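This is what each chain is made of:
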Amino acid sequence: MDRMSRFFGNLPGFAGTGAPEAPLVDSSEKVQISSLALLKMLKHGRAGVPMEVMGLMLGQFVDDYTINCVDVFAMPQSGTGVSVEAVDPVFQTKMLEMLKQTGRPEMVVGLLRICNQ
């Protein structure tokens with residue numbers, strides 16, 4: 001325990017330093033991923049081996065700390081661990097327009113990047 005105390009010093013909330021000076025606020029975020037989105041991520045990642053692949057995550061923001069991802073779609077670009085091609089804004093706009101035509105209410109909630117190294 002002494003080694004831990006020396007390593008972490010006087011960080012607030014560390015069990016070995018006594019009571020914290022101020023209460024710690026939980027600001028952790030939670031991402032809920034549907035089974036369909038997860039399967040599409042895995043398939044997209046395996047298709048890109050050995051390159052890095054990218055995509056957009058669709059869903060909704062439940063509250064300030066929770067994101068619900070229900071679907072993903074692949075972006076037509078790839079990269080390496082050093083560099084990634086820029087997201088094609090024309091393709092992204094066309095995909096979102098087609099999504100609106102289907103009547104689905106989802107919006108873009110994140111960028112998917114899978115490194116296959």
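In case you missed it, the structure is sitting above this.
Being a predicted model, the structure only gives us computed values, none of them experimental. (Residues numbered from 1 in each chain as written. Predicted model: local features only at pLDDT ≥ 70, side-chain atom pairs only at ≥ 80, totals over all residues. Heavy atoms only, no water.)

J.: Even after reading the chapter, I still don't get the nonpolar core, so can you show me in this structure?
T.: The tendency in soluble globular proteins is for nonpolar side chains to be buried side by side. Ala37, Met41, Val53, Met57, Ile67, Cys69, Val72, Val109, Leu112 and Ile114 together form the largest nonpolar core, which totals ten residues. Elements with a contribution of two residues or more to this core: helix H2 (35-47), strand E2 (52-63), strand E3 (66-79) and strand E4 (107-114). Membership of the second largest hydrophobic core comes to six residues, among which are Met54, Leu58, Phe73 and Leu99. (Core = buried A, V, L, I, M, F, W, Y, C linked by side-chain atoms within 4.5 Å. Buried < 20%, exposed > 50% of the residue type's maximum accessible area, 1.4 Å probe, protein only. Helix = DSSP H or I, 4+ residues; strand = E, 2+ residues; numbered from the N terminus.)

J.: Is there a simple way to explain helix H3 (residues 89-101) in this structure?
T.: Owing to its 3.6 residues per turn, the α-helix brings residues three or four apart onto one side. In this model, H3 (13 residues) spans 19 Å end to end at C-alpha, consistent with the 18 Å of a helix rising 1.5 Å per residue. Following H3 by one or two positions, Gly103 adopts a phi angle in the positive range, close to 85°. (Expected span 1.5 Å × (residues − 1).)

J.: Would you mind going over the pattern of salt bridges with me for this structure?
T.: Any two side chains of opposite charge can pair, on the condition that their charged atoms come close. If you walk through the whole model with that rule in mind, you get three salt bridges. Taking the shortest distance from any N to any O, the salt bridge between Arg104 and Asp71 comes out at 3.1 Å. Of this pair, Arg104 sits in the loop between H3 and E4 while Asp71 sits in strand E3; the two residues are 33 residues apart in sequence, bridging distant segments of the chain. By relative accessible area, Asp71 is classed as buried at 7%. For the salt bridge of Glu106 with Arg104, the shortest nitrogen-to-oxygen distance reads 3.0 Å. Look at Glu106 and you get buried, because its relative accessible area is 17%. (Salt bridge = Lys/Arg side-chain N within 4 Å of Asp/Glu carboxyl O.)

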